[in-house]
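# Inside the fold
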Amino acid sequence: MKTALTIAGSDCSGGAGIQADLKTMSALGVYGMSVINALVAENTVGVYGIMDVTPEFCELQLDCVFKDIYPDAIKIGMVSRLELIDSIVKKLREYDAKNIVVDPVMVATSGDKLISDDAIIELKEKLIPMATLITPNIPEAEVLCDIKIKDKKDMEKAAKLIYEDSKVNVLVKGGHFIEEAQDCLYDGKEYHWFISKRIDNPNTHGTGCTLSSAIASYLALGYSLKDSVQKAKEYLTGALEDGLDLGKGKGPMNHCYKIKSLL
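Presented here is an overview of the structure given in this document.

Quick notes on the rules
- Residues numbered from 1 in each chain as written.
- Predicted model: local features only at pLDDT ≥ 70, side-chain atom pairs only at ≥ 80, totals over all residues.
- Heavy atoms only, no water.
- Pairing = 2+ DSSP bridges.
- Helix = DSSP H or I, 4+ residues; strand = E, 2+ residues; numbered from the N terminus.
- Buried < 20%, exposed > 50% of the residue type's maximum accessible area, 1.4 Å probe, protein only.
- Polar contact = N/O pair within 3.5 Å; in protein donor to acceptor, adjacent residues only side chain to side chain.
- Phe/Tyr/Trp six-rings, centres within 6.5 Å; stacked < 30°, edge-to-face > 60°.
- Lys NZ or Arg CZ within 6 Å of the ring centre and 35° of its normal.

Taken together, nine strands build an open sheet; the order of strands is β3-β2-β1-β4-β5-β6-β7-β8-β9 and the sheet is mixed. With partners counted over all chains shown, the strands left at the sheet margins are β3 (47–52) and β9 (191–196), one partner each. Alignment of strand β2 (residues 31–42) against β3, held across five bridges, turns out to be antiparallel. Across the sheet, Glu 42 pairs through a bridge with Val 47, a residue of β3.

Attention now goes to the side chain of Ser 228. For Ser 228, the location among the structural elements is in helix α8 (residues 225–241). You can call Ser 228 buried: its relative accessible area is 0%. A distance of 3.4 Å separates a polar side-chain atom of Ser 228 from the backbone nitrogen of Leu 219.

Take the packing of aromatic side chains next. Tallying each qualifying case throughout the model produces six aromatic pairs. A centroid spacing of 5.5 Å and a plane angle of 85° characterise the contact between Tyr 163 and Tyr 186, whose relative ring orientation is edge-to-face. Separated by 23 residues along the polypeptide, Tyr 163 in helix α6 (residues 152–166) and Tyr 186 in strand β8 (residues 181–186) bring together distant segments of the chain. Residue classification places Tyr 163 among the buried positions, given a relative accessible area of 19%. For Tyr 186, a relative accessible area of 7% puts it in the buried group. When the centroid spacing of 5.5 Å and the interplanar angle of 85° are considered together, the rings of Tyr 218 and Tyr 223 count as edge-to-face. Look at Tyr 223 and you get partly exposed, because its relative accessible area is 37%. Of note, Lys 152 hangs over the ring of Trp 193, and the distance from its end group to the ring centre comes to 4.5 Å.

Okay, here's the thing in structure tokens:
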């Protein structure tokens, strides 16, 4: 069985972060493991508190995973502190990690900030260059390349600027636009557009976490980067189409929607 590791924060409401990642990996037939670098008190309405683990404990978790069940792919989500980024970079280099998908989580769906300013700099300079793919949404891409994104041409420009700065494949997610869900992948040579129908569902808590962990899962299963993105988008669309409606804010999607057919 193929394996995947998520390094991220924990969402006690179950819709994003570690919980969303593990649900996604299981749904796609991959054995999921986790390194929790922060406990986040949040729900569909907002974020109420963040408690980071120590860098030493983060490293200990990484040692436990890599020395026993080596991951075929890795998804990295929320990392709020500079010191934690340094610990993760150190261990990924030590164990020669492969198939790394970085979701540069900076702001929660609720609008709450999830990362410090100095950690953003460390993310750009040390962690992102190690990745196979980075998956910023529009606001995150604007931070990473320092331009305003208003249309598809701007998405392509942003993807190219981020690539030139990091030499890493970039998937700029266009979910913040009103029209179709259009995502732009730039691999240093070509632009690949992934267009899917927009689902009329306001419950989008954890969509970014889910997409990135799905991409990592498909990479673990041996699919190419382009095919992994396409299949991950199809999975995300299905999870949104299910129409799960929980919580008082922007609720979670149904990561295990395919299981219904087995009941």
